[in-house]
Structures are given as structure tokens and as C-alpha cells.
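So the chains spell out like this:
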Amino acid sequence: MERTLIKKIFKDELVDQEALIKGWVRSIRKSKKFSFMVVNDGTCQGSLQIIIDADLENYEEASTLLIGSSVAIKGNLVPSGGRGQKVEMQGMAVEIIGKSDDSYPLQKKATSLEFLREQAHLRVRTNAFGAIFRIRHELAQATHKFFSDKGFYYLNSPIVSAVDGEGAGETFRVTTLDAKNPPLTDKGDVDFSKDYFGKDTSLCVTGQLEGECFASGLGAIYTFGPTFRAENSNTPRHLSEFWMIEPELAFADLDDVALLASEYIQYMIKHALETCGEELEFLVNRKGAEVEEGHLEMLKHVRDTPFIKITYTEAIDILNASGQKFQFPTVWGNELQTEHERYLTEKHYKAPVIVTDYPSDCKAFYMKQNEDGKTVRAMDVLVPGVGEIIGGSQREENYEKLVAKMDADNMDKDGYWWYLDLRKYGSVPHAGFGLGFERAIMYITGMSNIRDVIPFPRTVKNCDF
Ligand code: ATP
Ligand code: MN
């Protein structure tokens, strides 16, 4: 007999027929005449209740199984009288596939998210993490569909790189040299010409520069891949390894990609609401959820409302007029700190905000310089609860201006010759952005720690599993 997924049983309300299900035992209640077993197979939020009659040949063994055991159960699907699911199963045969034991860490009593982080290999077997990772899957699918439908080509940008695409120095070095005894130059520095690639290389902090190359040929591309940053920031919003989606569009300016960014976020929200309604309901209503009341209504509103767009200068004016006391000064020219971003999105607008035209000194070297000589055509998309989920810009397409900026920032231009070439041969206005996939998942699910929306988080001093 072929296996039926529990998702299908609930969705099609299959009754009055036989089925074979396979999954993991979530709970068992035993009595003399029969037992109730609850089994989840990972395909949906709901678990199937199975009534196991004491007549069963292996009743004693089946009814004393421990939580976490895996089973295959054949039985009749019948309408359920109880609350909860509309269908349940009258078990006819229980095959025990893999037993669990009483040291299984996920016992029935509610376990905290912190505890579950230490059980990252098992936590996907809980309702909360099942929901999160099904949503994550759907948002990845939605990402490919959104960009592909709009004519963007999927680009696999490289993981190992010889340039620091952000110029921020937060890279992980890639080397095969012996750390204890590396070859040295005459000056006593490590001699990377003897290294595997013959130069100093690191894991990518962005795929943008390669994205610009491909946009300058295919017209429109997006990347969707792992990104590595040796950030020394132990915050609920930073990972050392995260996934980024980076569209890049030729013949486009900042306004074009600001609109693209808002449409993309709205598309993801729409898709999550359509495909993961039960998962979202579960997450926002679960015990201990730190989600704002009305989270799903908020998502629907954001899905249907154009985003607010202000300049950095306007943002500073709003902060200064707010009467709010901030820890960091709100002086023109300073970075916007998390407290400022939160004020704008959570108090002032209570909505996502796109902030544009930041002071050049706050932003990376490749951003298009404005006529005023002080600001660049950059944007950050800020959302309540999370803060920045997108950083983007129009790129400097003028060769002289870009070179002058790199010189002013004391950058070593050698490794960037190919990037500069784009400005020599048929340069066009172009723009793009990077969306942190985990930040978007946090925003949509209402989860408050980024470690809970990636399967196996890597952060400072933590690389288990
Ligand atoms: P932040 O100020 O929050 O550190 P950033 O300005 O360094 O972000 P960008 O370089 O603009 O971020 O990267 C683009 C997007 O990638 C960000 O908007 C964010 O969503 C995501 N991102 C950046 N760094 C991290 C990180 N360490 N962990 C998870 N996501 C990140
Ligand atoms: Mn950062």
C-alpha cells in the first residue's frame, strides 16, 4: 500500500477509506481498551490522531512507544468527533520503524526556544519549527517565482572571492596554508602567493559585484545564496552565515529598485498568507510568542499598501522633532542606529519605511554619488520589529567618479579591475539591493531571534551541528 501524506488527509478530508501513514509519535495516551496516538509527518501543521484498539497483535509494544518513535500505521480514516482535526484514524496495524527512548529531549511539556537551539538537530520535530521551516521553504519558492516571472535570471555568484565586496573588512579568510607555520615574505608578512589560489581569498560578503557584471549583459539578474560575514555583533538580527537575495537591474535607477523591493516583500507576504495560513496562525498564537497583537492583520495591510519613502535628511528631521530621547545623537551625517530605525517604523509610521539618499560616509564605495556632493543614492528598507531588511542603491556608473571614491577610501583597486571595466565598456545606469532572507522570515513569522529562522545558525563562538 502506498503512503498517504497527512497533509493530503486533512486537505482533502479523506474519510471512509484505508490509508497508510508514516511519521513520528508526538504523544500517546494509553488505556486498557485502546490508546490514542498522535503522529506528525512534517507535511503540515496538523498531527493525525490514531485510535489503537487493544485487539491489535502488538498492542502492548505499540501503546508503550515513547515520544519521538517512528511508525508506519495502516488504518481506516473516519470523521472525528472530537475538537481539532476533522479526520482521525482507526488503526489496524502499527509497524514500529525506530524506537525512541526516555532521554528524548523533546518531551510533551512546552520547551523554550533557547533550549531548542541546543537541540537544533531535533527541533524541526516541534510544531513551532515545523511551521517556521515550511514557511522558509515557501518564501524561497516565492522568491524564485517573483523574480523569474519579472524576467530576472537566477545567477549563482561565487562563494570564494578575492575582493571584499562591501569594503567593510568583515570577511572570513579561505586558506590552505598551515596556520602554525605559514610561508612568509621578505617583509615577514604571510605570503599568500603560496596559498591555494595564489592570493588572499575569503568567503563572499555579497554577490553584488558579480551580479552587476551579469546584469550588464543579461539585463536583470538575482542571486540567492549563502553570505558570510565575520560580524562581531552578537545581536538577535545578525548571523555569520546567512542567505541573501540580490537582484540587479540594468537601465534602472534607485526609484525602480525601491518599487521592486516593496513589490517583492508584498509578494512574499501574499504567498505566505496563501500557502502557510495554519503555520502563521500557530506561530503568532503559540504560548510565549512575542508577536504583536494583530500581526496577521498587519501583514495584510502591508501587502496592500504602498510603502512610505523618505530621504535620510527627512528622517533626521523627524527624529529631531520627535521629542524622544535617544542614546545616540541624531546629527546629520551619523549612521541611523537601531533605536532610530525602530522609532521611524514602530512609533512614527507604524509601517515599513524606505529611507533613501544617505550621507556618502555612511555607505559603501560603489553607490552613485548625488549632485549635492554629500549624499549617495542608497536605500534601506526598514520594518517594524526587525529594523533593516534590505540595503540597496543605484550604482556609480561613471568610471572617474568611482575611481576617485575608491582612492578617497584608500582601497586597493588592483583586484577590482574587472568591476571597473564595466564602467569602460557600455556603462549603463543600474541599481540593485540585498534582502537578508532570515530577516524577511523574522518579519513575516514574527519570530524575534534570527537563530530561530535558519536551520543551523552560525554566530560568534557558535558553530555546532
Ligand atoms: P546591518 O546594519 O543590520 O548589519 P548591513 O547594513 O550590514 O546590515 P547590508 O550590507 O546592506 O547590511 O546587507 C544587505 C542585507 O543583508 C541587510 O539589509 C540585512 O537584511 C542582511 N544582513 C546583513 N548582515 C547580516 C547578518 N550578519 N545576518 C543576517 N542578515 C544580514
Ligand atoms: Mn552589517
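With an unreviewed UniProt entry as reference, the chain is termed Asparagine--tRNA ligase, source organism Halobacteriovorax marinus. Quoted straight from UniProt, the Subcellular location (unreviewed entry) entry for the chain says "Cytoplasm". Recorded in UniProt under Catalytic activity (unreviewed entry), the annotation for the chain is "tRNA(Asn) + L-asparagine + ATP = L-asparaginyl-tRNA(Asn) + AMP + diphosphate + H(+)".

The subject of this paragraph is the overall build of the chain. When helices and strands are counted, the chain shows 13 helices and 16 strands. Along the longest, intermediate and shortest principal axes, the C-alpha atoms of the chain span 85 × 60 × 45 Å. Here the chain holds 465 residues, and the buried ones make up 51% of them. Residue pairs at least 24 apart in sequence account for 67% of intrachain contacts in the chain once pairs closer than 6 positions are excluded. When the accessible surface of the chain is totalled, it reaches about 23000 Å², and 50% of it is carbon and sulfur. Both charge centroids of the chain, one from 54 positive and one from 70 negative side chains, sit 5 Å from each other.

In this numbering, the UniProt entry assigns the feature "domain: Aminoacyl-transfer RNA synthetases class-II family profile" (unreviewed entry) to residues 133-455. This span, residues 133-455, is 35% helix and 20% strand, and a straight line between its end C-alpha atoms measures 8 Å.

Turning next to the sheet that holds strand S4 (residues 70-79). Read around the barrel, five strands follow the order S1-S2-S3-S5-S4 and close on themselves; strand pairing throughout is mixed. Ignoring which end each strand starts from, the neighbouring axes of this sheet average 55° apart. Looking at chain direction, strand S3 (residues 48-53) and strand S5 (residues 87-98) are connected through three bridges and run parallel. Bridging across to S5, Ile-52 finds its partner in Gly-91.

On to the site of ligand 1, then. Around ligand 1 lies a shell of 16 residues, among which Arg-229, Glu-231, His-238, Glu-388 and Ile-389 are the nearest. Separating an oxygen atom of ligand 1 from a side-chain N or O atom of His-238 is a distance of 2.7 Å. The contact in question runs from an oxygen atom of ligand 1 to an N or O atom on the backbone of Gly-436, over 3.2 Å. Burial of ligand 1 by the protein chains amounts to 83% of its free accessible area of 580 Å². Listing elements by their share of the shell around ligand 1, those giving two or more residues are strand S11 (241-250), strand S15 (387-394) and strand S16 (430-436).

Between side chains of opposite charge, a pair can form when the charged atoms approach closely. Enumeration over the complete set of coordinates arrives at 26 salt bridges. One salt bridge connects Arg-123 with Asp-452, and the closest N-O pair in it is separated by 3.4 Å. Taken as a pair, Arg-123 in the loop between helix H3 (113-117) and helix H4 (127-149) and Asp-452 in the segment after helix H13 (437-445) lie far apart in primary sequence, 329 residues in all. Under the relative-accessibility criterion, Arg-123 is labelled buried at 1%. Here Asp-191 and Lys-194 are joined by a salt bridge, their closest N and O atoms 3.0 Å apart. Overall, the relative accessible area of 55% leaves Lys-194 in the exposed class. The network of salt bridges with shared partners includes Glu-212, Glu-248, Arg-395 and Arg-423.

This paragraph deals with the packing of H4 against helix H6 (residues 254-275). Two numbers describe how H4 lies on H6: the axes approach to 9 Å, and their chain directions differ by 135°. Taken together, the axes of H4 and H6 lie oblique to each other. The two elements H4 and H6 meet at a crossing, and its hand is right-handed. Across the interface between the two elements, Glu-138, Leu-139, Ala-142, Thr-143, Lys-145, Phe-146 and Phe-147 from H4 touch Leu-260, Glu-263, Tyr-264, Tyr-267, Met-268, His-271, Ala-272 and Thr-275 from H6. Looking at side-chain class alone, the contact of H4 with H6 contains nine nonpolar, three polar and three charged residues.

Attention now goes to the pairing of strand S14 (residues 375-383). By the criterion of burial, S14 is predominantly enclosed, with nine of the nine residues buried. Examined bridge by bridge, strand S13 (residues 353-359) and S14 share six bridges and lie antiparallel to one another. By the bridge assignment, Val-353 is partnered in S14 with Leu-382. In the sheet, S14 pairs with S15 via six bridges, with the strands oriented antiparallel. Looking across to S15, one finds that Val-383 is bridged to Gly-387. Taking the residues between adjacent antiparallel strands as the criterion, S14 and S15 are bridged by three residues, where Gly-385 takes a positive phi near 90°.

Further remarks concern the environment of Lys-374. Here Lys-374 lies in the loop between S13 and S14. Judged by relative accessible area, which is 48%, Lys-374 ranks as partly exposed. A sequence separation of 135 residues divides Lys-374 from Leu-239, and the C-alpha atoms of the two residues are 32 Å apart. Aside from chain neighbours lying at most four places away, what touches Lys-374 is Trp-332, Tyr-358, Pro-359 and Ser-360.

Moving on, we come to unusual backbone geometry. The backbone of Asp-16 sits at a positive phi, close to 55°, despite the residue not being glycine. Within the secondary structure, Asp-16 is located in the loop between helix H1 (6-11) and strand S1 (17-30). With a phi close to 50°, Lys-350 is a non-glycine residue in the positive phi region. Of note, Lys-350 is situated in the loop between helix H10 (338-348) and S13.

Moving on: the packing of aromatic side chains. Under the defined criterion, the tally for this structure stands at 20 aromatic pairs. Here Phe-146 and Tyr-264 contribute two aromatic rings whose centre-to-centre distance is 5.4 Å and whose plane-to-plane angle is 25°, an arrangement assigned as stacked. Residue Phe-146 is found in helix H4, and its partner Tyr-264 is found in helix H6; the two are separated by 118 residues along the sequence. Look at Phe-146 and you get buried, because its relative accessible area is 5%. On the basis of an interplanar angle of 65° and a centroid distance of 5.3 Å, the ring pair of Phe-147 and Phe-152 is categorised as edge-to-face. Here the two residues Phe-147 and Phe-152 agree in accessibility, since each one is buried. Joined through ring pairs, the aromatic side chains of Phe-146, Phe-147, Phe-152, Tyr-154, Tyr-222, Tyr-264 and Tyr-267 make up one cluster. Lying across the ring of Trp-332, Lys-374 places its NZ or CZ 5.1 Å from the centre.

Reading the values: the criteria
- Residues numbered from 1 in each chain as written.
- Chains lettered and ligands numbered in written order.
- Predicted model: local features only at pLDDT ≥ 70, side-chain atom pairs only at ≥ 80, totals over all residues.
- Heavy atoms only, no water.
- UniProt positions renumbered as here; feature names shortened; annotations may be inferred.
- Helix = DSSP H or I, 4+ residues; strand = E, 2+ residues; numbered from the N terminus.
- Buried < 20%, exposed > 50% of the residue type's maximum accessible area, 1.4 Å probe, protein only.
- Contact = heavy atoms within 4.5 Å.
- Areas by Shrake-Rupley, 256 points an atom, 1.4 Å probe, with all protein chains shown as cover.
- Lys, Arg positive; Asp, Glu negative; His and termini not counted.
- Charge placed at Lys NZ, Arg CZ, Asp CG, Glu CD.
- Pairing = 2+ DSSP bridges.
- Axes fitted to C-alpha atoms, helices over the stretch in contact; angles between N-to-C directions.
- Near = heavy atom within 4 Å.
- Polar contact = N/O pair within 3.5 Å; in protein donor to acceptor, adjacent residues only side chain to side chain.
- Salt bridge = Lys/Arg side-chain N within 4 Å of Asp/Glu carboxyl O.
- Parallel < 35°, antiparallel > 145°, perpendicular 65-115°, else oblique.
- Left-handed = near helix turned anticlockwise from the far one by under 90°.
- Nonpolar A, V, L, I, M, F, W, Y, C, P; charged D, E, K, R; others polar.
- Phe/Tyr/Trp six-rings, centres within 6.5 Å; stacked < 30°, edge-to-face > 60°.
- Lys NZ or Arg CZ within 6 Å of the ring centre and 35° of its normal.

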